[in-house]
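Residue-level listing of the chains:
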Amino acid sequence: MSTVDSFEKIPLRIFETIDEGSKFLAMEIAEMIRSKSAKGERCNLGLATGSSPKTLYAELVRMHRDEGLSFKYVVAFNLDEYYPIDNGALQSYDRFMKYHLFDKVDIDPKNCHIPNGEWKKDHIKRDCAAYEELIEKLGGIDLQILGIGTNGHIGFNEPGSSLYSKTRLVPLENSTRINNAPDFPSIADVPRLAITVGISTILKAKRILLMAWGQSKASVIQKSVEGNLTEQIPASLLQQHNDCLFVIDKLAATDLTRFKSPWLTGDCEWSPLIMKKAVVNMALKLGKPILSLTNSDYNDNGLSDLLVEKGDAYEINLQVFYLLRDSITGWPGGKPSGANPSLIERPEPFPKRCLIFSPHPDDDIISMGGTFMRLHDQGHNVHVAYQTSGNIAVTDEFVTRFVDFAVGFEELSGIDSTKSSRVLTEATAYLKNKRNSNMDSAEIRSIKGLIRRCEAKATCHYVGIGDSKIHFLNLPFYETGTIEKKPMGERDVIITMDLLKKIKPHQIYCAGDLADPHGTHKICLDIVFESMRRLKSSGENWVNDCWVWLYKGAWQEWDISEIEMAIPMSPDQVLKKRYGIFIHQSQKDMVPFQGTDSREFWQRAEDRNANTANLYAQLGLTKYAAIEAFVRWHY
Ligand code: F6R
């Protein structure tokens, strides 16, 4: 047994990307279906919903279409369903399965089983028992596909679910309701109950494949795979199964000991980055500045190997301290005629053409407002590209205020209401009759988009950027009118490549939100990466001189040991950034699809920037009021 094995109690396959992992899963499923149908046997599949299996189902649909994979012999049993919920509701798992898989393959609808959100409460125990019996009667699940919640739930078996649990009605944990809230108009609309198959039902499956993508799953994957078997982390109970495999991407693998602390799992290549990570983590854990770490600290914290390799704590401390010190600069575009440390931007050319990609109309100011202002104030040619309209995050009350203004303005100007523009007439009529519909009309969506566009423009003007440098890309993948977006498409890439070719930037900033596998930020990032790759391979020479810096979106910050460029801010700059964020009035106080964090955007930004500054100070560097952080992307 290798050291890695001794930490990991469930076998894992780790893939570079979600696509690769999903292809692997699809192949496994296809193989199972084919081998069973070749023998004329039925294949009982246990299926999951959520964001994780979408790419997998898309691949199965592709295999059905292009490779003739048939689902004729498949009987599907889904894990769970919200309760109560109408089968046809936008958020029901019944609709999800039809939309993503069942309606697109040749499965017999009679073979598609999902716990029913419309079951009557007084019969529900009987209905759940019948679901369980049907699985058994048909010979049990041959292959169970699972996702995992950030709290470790499998199906909707929340922490504390018994090992012996069967199909039943369960309350949803608040954290699950919050995680799933983006699919609903507001958190209040997320059902409090669900029907789920039990842990024992899952463990009876002959084979289990659990998938997890993205950094938000890294911690629970580590706990499930390396931690103790406990009902508090339901996925850890899979350690008991003798044919279970976790299929994850490299982001979901980041907290595994072999990646997080590779020096504990055997031989470790002490690259400067690994050394920085190990020493920074130890210093923060011990609450000591880097330069105060001693030989015994290294020995007591599993870093004796580093000590052996480098000789002495003093030497290592200095090297790590310099790495941290050299990531700090007040010159994000490089200091003209100044020698910058190699980690940070080149002094030449000066001024630089900088292009900030902002997925939504306020990410630029929220996540890198201080850097944005510095780049402009230091004389660089700063362009901003707003990638999506962000229209979904404007409330109906807010848009009504603008429509009322437009109607009142026309009255003031003496415009006869019968001659109002079509957009205004239709928007007024729509708002008057609006019921609790899930989707806005095209007119309302465009007005919502316009509101956000005006706010973004006002922010650019506040920073000092002129209209010719403000670009609204309105990428088509975003324009679905619902929270669910289309995948990256050819038009998205072409629009982005056109802008890049026009500006030929020396520096690009984008939201590096790798933790958000299906969200808007990740798709926006993929579009920039794809565009840059294509431009590079098509021989656009400027691409070789263009550095790409990644900032994190509103939700998190880079790990302190990963930061390659840290831009400090003074208290005045912090305030100036706050006022820039305030300009986005449609996003103040409360926005639809806010997610788990109830703080306003300016508060999140300030807390996060102050926190980074504090961490630098704790490690023994100068104490700044705030710091914005970036990591370079190499392509
Ligand atoms: C869904 C289900 C849940 C999800 C889990 C992860 O059928 O059973 O356990 O797999 O909540 O959801 P995503 O994939 O959205 O992160």
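Here is what the cut-offs are and how they apply
- Residues numbered from 1 in each chain as written.
- Predicted model: local features only at pLDDT ≥ 70, side-chain atom pairs only at ≥ 80, totals over all residues.
- Heavy atoms only, no water.
- Helix = DSSP H or I, 4+ residues; strand = E, 2+ residues; numbered from the N terminus.
- Rg over C-alpha atoms; globule rule 2.2 N^0.38 Å.
- Contact = heavy atoms within 4.5 Å.
- Areas by Shrake-Rupley, 256 points an atom, 1.4 Å probe, with all protein chains shown as cover.
- Lys, Arg positive; Asp, Glu negative; His and termini not counted.
- Charge placed at Lys NZ, Arg CZ, Asp CG, Glu CD.
- Domains from an automatic or database assignment.
- Pairing = 2+ DSSP bridges.
- Axes fitted to C-alpha atoms, helices over the stretch in contact; angles between N-to-C directions.
- Near = heavy atom within 4 Å.
- Polar contact = N/O pair within 3.5 Å; in protein donor to acceptor, adjacent residues only side chain to side chain.
- Phe/Tyr/Trp six-rings, centres within 6.5 Å; stacked < 30°, edge-to-face > 60°.
- Lys NZ or Arg CZ within 6 Å of the ring centre and 35° of its normal.
- Buried < 20%, exposed > 50% of the residue type's maximum accessible area, 1.4 Å probe, protein only.
- Core = buried A, V, L, I, M, F, W, Y, C linked by side-chain atoms within 4.5 Å.
- Arc of directions from axis to C-beta.
- Salt bridge = Lys/Arg side-chain N within 4 Å of Asp/Glu carboxyl O.
- Patch = residues over 30% accessible without salt bridge, like charges linked within 9 Å, V, L, I, M, F, W, Y side chains within 5 Å.

On to the overall build of the protein chain, then. Tallying secondary structure elements over the protein chain gives 21 helices and 17 strands in all. Over its C-alpha atoms the protein chain spans a radius of gyration of 27 Å, differing by no more than 12% from the 26 Å that the globule rule assigns to 635 residues. Seen along its three principal axes, the alpha-carbon backbone of the protein chain occupies a region of about 85 × 75 × 45 Å. Partitioning the contacts of the protein chain with sequence separation of at least 6, the portion at a separation of at least 24 is 76%. Summed over its atoms, the accessible surface of the protein chain is roughly 27400 Å², and 53% of this surface lies on carbon and sulfur atoms. The distance from the centre of the 75 positive side-chain charges to the centre of the 82 negative ones in the protein chain is 2 Å.

Here the protein chain is partitioned into domain 1 (13-258), domain 2 (261-325) and domain 3 (353-392 + 450-633). A C-alpha centroid distance of 41 Å is found between domain 1 and domain 2.

Quick look at the sheet that holds strand E12 (residues 381-386) now. In spatial order, the strands read E13-E12-E11-E14-E15-E17-E16; together these 7 strands make up an open sheet with mixed pairing. Pairing within the sheet leaves two strands with one partner each, and these edge strands are strand E13 (470-472) and strand E16 (565-569). The sheet shows a mean angle of 25° between the axes of neighbouring strands, taken without regard to direction. Bridge count between strand E14 (residues 507-511) and strand E15 (residues 547-551): 5 bridges; the pairing is parallel.

Our next topic: the site of the ligand. Near the ligand there are 13 residues, and of these Thr-49, Ser-52, Asp-80, His-153 and Lys-217 occur at the shortest range. Interatomic distance of 2.7 Å between a backbone N/O atom of Ser-51 and an oxygen atom of the ligand. One nitrogen or oxygen atom from the side chain of Asp-80 is found 2.6 Å from an oxygen atom belonging to the ligand. Look at the ligand: alone it shows 410 Å² of surface, and the protein chains cover 90% of it.

All right, on to the side chain of Asn-301 then. Locating Asn-301 in the fold gives a position in the loop between helix H11 (295-300) and helix H12 (304-310). Separated by 2.8 Å, the side chain of Asn-301 and the backbone oxygen of Asp-297 make a polar contact. In contact with Asn-301, other than residues within four places in its own chain, are Met-282, Lys-285 and Leu-286.

Our next topic: the sheet that holds strand E4 (residues 80-83). Taken together, the 3 strands give an open sheet; going across it, the order is E4-E8-E7, and neighbouring strands pair in antiparallel fashion. Each end of this open sheet is capped by a strand with a single partner; those strands are E4 and strand E7 (168-171). Across the sheet, the mean angle separating the axes of adjacent strands is 30° when strand polarity is ignored. Across 4 bridges, the pairing between E4 and strand E8 (residues 193-196) is antiparallel.

What the rule picks out here adds up to 19 aromatic pairs. Summarising the aromatic geometry, the rings of Phe-405 and Phe-409 are spaced 6.0 Å apart at their centres and angled 25° between planes, so their arrangement reads as stacked. On the criterion of helical spacing, the pair formed by Phe-405 and Phe-409 is a turn pair, its members being 4 residues apart in helix H15 (residues 396-412). Three or more aromatic residues link up through ring pairs in this structure, and these residues are Tyr-82, Tyr-93, Phe-96, Phe-156 and Phe-184. Over the aromatic face of Tyr-478 sits the side chain of Lys-485, whose NZ or CZ is 4.6 Å from the ring centroid.

With that settled, consider the pairing of strand E3 (residues 74-78). Burial within E3 is extensive, with 5 of its 5 residues counted as buried. Where strand E2 (residues 43-47) lies against E3, 5 bridges are found, and the strand directions are parallel. Looking at the pairing, Gly-46 lines up with Phe-77 of E3. Sheet topology places E3 next to strand E5 (residues 112-113); 2 bridges connect them, and they run parallel. Bridge assignment links Ala-76 to a residue of E5, and that residue is Cys-112.

Before going further, it helps to examine the nonpolar core. Counting residues in hydrophobic clusters, the biggest one holds 63 residues, and the most contacted among them are Val-279, Ile-290, Tyr-298, Phe-357, Ile-508, Met-532 and Tyr-616. Element by element, the count of residues in this core is highest for helix H19 (residues 520-537), at 8 residues. Counting contributing residues, this core receives three or more from each of domain 2 (261-325) and domain 3 (353-392 + 450-633). The residues contacting Phe-357, other than those within four sequence positions of it, are Ala-385, Gln-387, Leu-473, Thr-496, Leu-499, Leu-500, Ile-508, Tyr-509, Cys-510, Ala-511, Val-528 and Tyr-551. Counting residues in each nonpolar core, the second largest holds 46 residues, with Phe-24, Ile-29, Tyr-57 and Leu-143 among its members.

Now for helix H4 (residues 93-100). Three or more residues of H4 are buried, namely Tyr-93, Asp-94, Phe-96, Met-97 and His-100. What you see down the axis of H4 is that its buried residues fit within an arc of 160°, all on one side. If you follow the buried residues of H4, they end up packed against E2, helix H3 (54-67), E3, E4 and helix H6 (174-180).

In total, this model carries 33 salt bridges according to the counting rule given. Of the charged contacts, one joins Glu-426 and Arg-422 as a salt bridge, the two residues approaching to 3.0 Å between their closest N and O atoms. A residue pair is termed a helical-turn pair when its members lie 3 or 4 positions apart in one helix, as Glu-426 and Arg-422 do in helix H16 (residues 422-433) at 4 residues. Taking the relative accessible area as the measure of exposure, Arg-422 reaches 51% and is therefore exposed. Residues joined by salt bridges that share partners form a network here, namely Glu-59, Arg-62, Arg-65, Asp-66 and Glu-67.

There is a patch of like negative charges on the surface, built from Asp-267, Glu-269, Asp-305 and Glu-309. Along the chain, Asp-267 turns up in the loop between helix H9 (257-260) and helix H10 (272-286).

Burial analysis of E16 places 5 of its 5 residues in the buried class, the great majority of the element. Bridge count between E16 and strand E17 (residues 626-633): 5 bridges; the pairing is antiparallel. From the neighbouring strand, Ala-566 faces E17, where its bridge partner is Ala-629.

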